[in-house]
Amino acid sequence: MKKEIAITAFQCKKCGRIHYPYHDRCLDCKNREFEPIKPKGNARLLTYTVIFNLPWGFDQRFLILGVAEFENKIKAMGQIKADSIDRLKLGMEVRPSWEPVRVQAGEDVYGLKFEPVQ
Ligand SMILES: [Zn+2]
């Protein structure tokens, strides 16, 4: 069963700039009114990094984290579902999902994941 991606971004009602996470005032025009928006469609991989020495609660030996931009311009960070970075390319299409990313106090903690689209 697919879970909805529990991310809300905030688009400035004046200039349209998208903020995620939330800011009190628009970083461009200082406006304080925002429209909540949800990420749409697939995303494009903007950058990624590999993290070793993970904190407690992770099973994996390492994690690939990336920032991707959704079709409606929301940028968010998530885990990349890949065994290595060999197949990853900047600008490639990735499919978002909302899945358990680690276990905390015996419970799944959900987060954003991106799977490369072949
Ligand atoms: Zn603005």
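Reading the values: the criteria
- Residues numbered from 1 in each chain as written.
- Predicted model: local features only at pLDDT ≥ 70, side-chain atom pairs only at ≥ 80, totals over all residues.
- Heavy atoms only, no water.
- 1 Å grid on protein atoms, 1.4 Å probe; cavity = no way out; pocket = protein on both sides within 12 Å on 5 of 7 lines; lining within 4 Å.
- Points joined across faces, edges and corners; volume = space filled by probe spheres on them.
- Nonpolar A, V, L, I, M, F, W, Y, C, P; charged D, E, K, R; others polar.
- Pairing = 2+ DSSP bridges.
- Helix = DSSP H or I, 4+ residues; strand = E, 2+ residues; numbered from the N terminus.
- Buried < 20%, exposed > 50% of the residue type's maximum accessible area, 1.4 Å probe, protein only.
- Donors = N, O, S within 2.8 Å, 3.2 Å for Na, K, Ca; no water.
- Tetrahedral: all angles 85-135°; square planar, octahedral: opposite > 155°, others 65-115°.
- Axes fitted to C-alpha atoms, helices over the stretch in contact; angles between N-to-C directions.

**Some words on the layout of surface pockets**
Item 1. By volume, the largest pocket amounts to about 190 Å³.
Item 2. Lining the largest pocket we find Arg17, Ile18, His19, Tyr20, Pro21, His23, Leu27, Glu69, Lys73, Ile74 and Lys75.
Item 3. Grouping the constituent residues of the lining of the largest pocket by class yields five nonpolar, two polar and four charged.

**Some points on the sheet that holds strand E1 (residues 9-12)**
Item 1. The antiparallel open sheet is built from three strands, whose spatial order is E2-E1-E3. With one partner strand each, in any of the chains shown, strand E2 (18-19) and strand E3 (34-37) form the two edges of the open sheet.
Item 2. Bridge count for E1 against E2 is two bridges, and the pairing is antiparallel. Bridge assignment links glutamine 11 to a residue of E2, and that residue is isoleucine 18.

**Comments concerning unusual backbone geometry**
Item 1. Of note, the amide linkage connecting tyrosine 20 to proline 21 takes the cis form, showing an omega dihedral of 0°.
Item 2. Along the chain, the position of proline 21 falls in the loop between E2 and E3.
Item 3. You will see that lysine 73, though not glycine, has its phi angle at about 80°, which is positive.
Item 4. Mapped onto the elements of the fold, lysine 73 is located in the loop between strand E5 (63-70) and strand E6 (75-80).
Item 5. In this model, alanine 105 sits at a positive phi of 50°, which is unusual for a non-glycine residue.
Item 6. In this fold, alanine 105 is placed in the loop between strand E7 (93-104) and strand E8 (107-116).
Item 7. What makes alanine 105 exposed here is its relative accessible area of 72%.

**Details of the coordination of the zinc ion**
Item 1. Within the first shell, the zinc ion binds the protein through Cys12 (SG), Cys15 (SG), Cys26 (SG) and Cys29 (SG), at distances of 2.3 Å.
Item 2. Taken together, the four donor atoms surrounding the zinc ion define angles of 101 to 118° at the centre, an arrangement classified as tetrahedral.
Item 3. All donors of the zinc ion belong to a single chain; written as a sequence motif, their spacing is C-x2-C-x10-C-x2-C. Residue cysteine 12 is located in strand E1, and its partner cysteine 29 is located in the loop between E2 and E3; the two are separated by 17 residues in the primary sequence.

**Focus on the sheet that holds E8**
Item 1. Taken together, the five strands give a closed barrel; going around it, the order is E4-E5-E6-E8-E7, and neighbouring strands pair in mixed fashion. With strand direction ignored, the average angle separating the axes of adjacent strands in the sheet is 40°.

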